[in-house]
Amino acid sequence: MSHLLAQEDLPRHVAIIMDGNGRWAERRHKPRLFGHEAGMKAVREVIETAADLQIPYLTLYAFSQENWKRPRAEVDALMKLLQRYIRSESKKLIEKGIRVCAIGELDRLSPSSRAELDNLIAQTADNDQLIVTLALSYGGRAEIVEVARQIAKRVADGDLDPDDVDETLFKSLLYKPDLPDPDLLIRTSGELRISNFLLWQLAYTELYVTDVLWPDFDRQAFVDAIIAFQNRERRFGTVLT
Ligand code: IPE
Ligand code: IPE
Ligand code: MG
């Protein structure tokens, strides 16, 4: 197995389930929030690494729909952290030509978080170096149900024939239709599950799970994941000749 990164064979789109902040803090006998704060550094580092490697799309699972069920204090702290992250990083993201987008039920975010986020999205809208999509209040099932609802409405209004419903139409109604499917999904902290992330889009994505906890996920850990990806044989259901 090669241990070198092949610059010509990089994934176009990497999606990451950033997991393990709580356990990272627990191991240090600190409150969970301490782990979430430490995780911000890892976010910075993966964004920088993706930009340096010229990976065009990076999608980060930052807060799931199910995460709303966590204790109120943790949810509030995470919302505040999001605002702090945006405030501290905006300038650098804009300068580096990084575009920030978001997917999820953004209406559920606190009004102040939503405002900061919308502002960052608007300020980076013309950038094209790297597209960072933040999955916030995101649920893969909710995204699919929303598409189904839109299709049902169109059919009910007589604007769409059910026979014309196909994968292309379905995809065009997802939150970000222009986002290519992820080539590589990374999950930190060792959990072997999808946790309601990008259910439609992950159909043929290569999965990589590392035991590294999110706050410890650094440039080298990211490169290791990409090297593992480069050693996979992607078959997409066909037979390689
Ligand atoms: C991931 O870390 C961050 C979010 C889900 C917001 P966790 O908070 O899930 O950390 P663990 O899984 O409890 O260690
Ligand atoms: C998935 O992690 C969601 C994010 C990383 C934002 P969780 O910690 O919420 O997932 P489960 O509960 O272990 O499946
Ligand atoms: Mg977790």
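Above this text you will find the structure in question.
Residues numbered from 1 in each chain as written. Chains lettered and ligands numbered in written order. Predicted model: local features only at pLDDT ≥ 70, side-chain atom pairs only at ≥ 80, totals over all residues. Heavy atoms only, no water.

Visitor: Explain the nonpolar core to me, and be specific about the residues and the numbers.
Guide: Soluble globular proteins tend to bury their nonpolar side chains together. If you look at the biggest cluster of nonpolar residues, it comprises 46 residues, and the most contacted ones within it are Ile16, Ile47, Leu58, Leu60, Ile186 and Phe222. Residue contributions to this core peak at 8 residues, all from helix α3 (residues 72-95). Leaving out residues up to four positions away in the same chain, Leu58 has contacts with His13, Val14, Ile16, Val46, Ile47, Ala50, Leu130, Ile131, Val132, Thr133 and Phe222. Counting 10 residues, the second-largest nonpolar core is a separate cluster that includes Ala15, Tyr61, Ile103 and Ala135. (Core = buried A, V, L, I, M, F, W, Y, C linked by side-chain atoms within 4.5 Å. Buried < 20%, exposed > 50% of the residue type's maximum accessible area, 1.4 Å probe, protein only. Helix = DSSP H or I, 4+ residues; strand = E, 2+ residues; numbered from the N terminus. Contact = heavy atoms within 4.5 Å.)

Visitor: Break down the sheet that holds strand β1 (residues 13-17) for me, citing the residues and quoting the values.
Guide: With respect to topology, 6 strands assemble into an open sheet ordered β3-β4-β2-β1-β5-β6, the strand pairing being parallel. Strands with a single pairing partner mark the edges of an open sheet, and in this sheet they are β3 (98-103) and β6 (206-209). Here the average twist between neighbouring strands, direction ignored, is 20°. Contacting β2 (57-64), β3 and β4 (130-138), α3 crosses the sheet at an angle of about 155° to β2. Along the sheet face, helix α7 (residues 219-230) touches β1, β2, β5 (184-187) and β6 and points at about 135° away from the line of β5. (Pairing = 2+ DSSP bridges. Axes fitted to C-alpha atoms, helices over the stretch in contact; angles between N-to-C directions.)

Visitor: Which residues make up a negative patch on the surface, and what values go with them?
Guide: A surface patch of negative charge is lined by Asp161, Asp163, Asp164, Asp166 and Glu167. Along the chain, Glu167 falls in helix α6 (residues 167-172). Accessibility expressed as a relative area gives 62% for Glu167, which makes it exposed. (Patch = residues over 30% accessible without salt bridge, like charges linked within 9 Å, V, L, I, M, F, W, Y side chains within 5 Å. Areas by Shrake-Rupley, 256 points an atom, 1.4 Å probe, with all protein chains shown as cover. Salt bridge = Lys/Arg side-chain N within 4 Å of Asp/Glu carboxyl O. Lys, Arg positive; Asp, Glu negative; His and termini not counted. Charge placed at Lys NZ, Arg CZ, Asp CG, Glu CD.)

Visitor: Help me get a handle on the site of ligand 1, residues and values and all.
Guide: Near ligand 1, the surroundings consist of Met18, Asp19, Gly20, Asn21, Gly22, Arg23, Arg32, His36, Ala62, Asn67, Arg70 and Leu78. Asn21 is positioned such that a nitrogen or oxygen atom in its backbone is 3.1 Å from an oxygen atom of ligand 1. Out of a free accessible area of 380 Å², ligand 1 has 87% covered by protein chains. Taken together, the elements giving at least two residues each to the shell around ligand 1 come down to α1 (21-26) and α2 (32-53). A per-class count over the shell around ligand 1 returns 3 nonpolar, 5 polar and 4 charged. (Near = heavy atom within 4 Å. Polar contact = N/O pair within 3.5 Å; in protein donor to acceptor, adjacent residues only side chain to side chain. Nonpolar A, V, L, I, M, F, W, Y, C, P; charged D, E, K, R; others polar.)

Visitor: Give me the lowdown on unusual backbone geometry, citing residues and values where you can.
Guide: A positive phi angle, close to 75°, is found at Ser189, a residue other than glycine. Within the secondary structure layout, Ser189 lies in the loop between β5 and β6. Ser189 sits in the buried class, given a relative accessible area of 8%.

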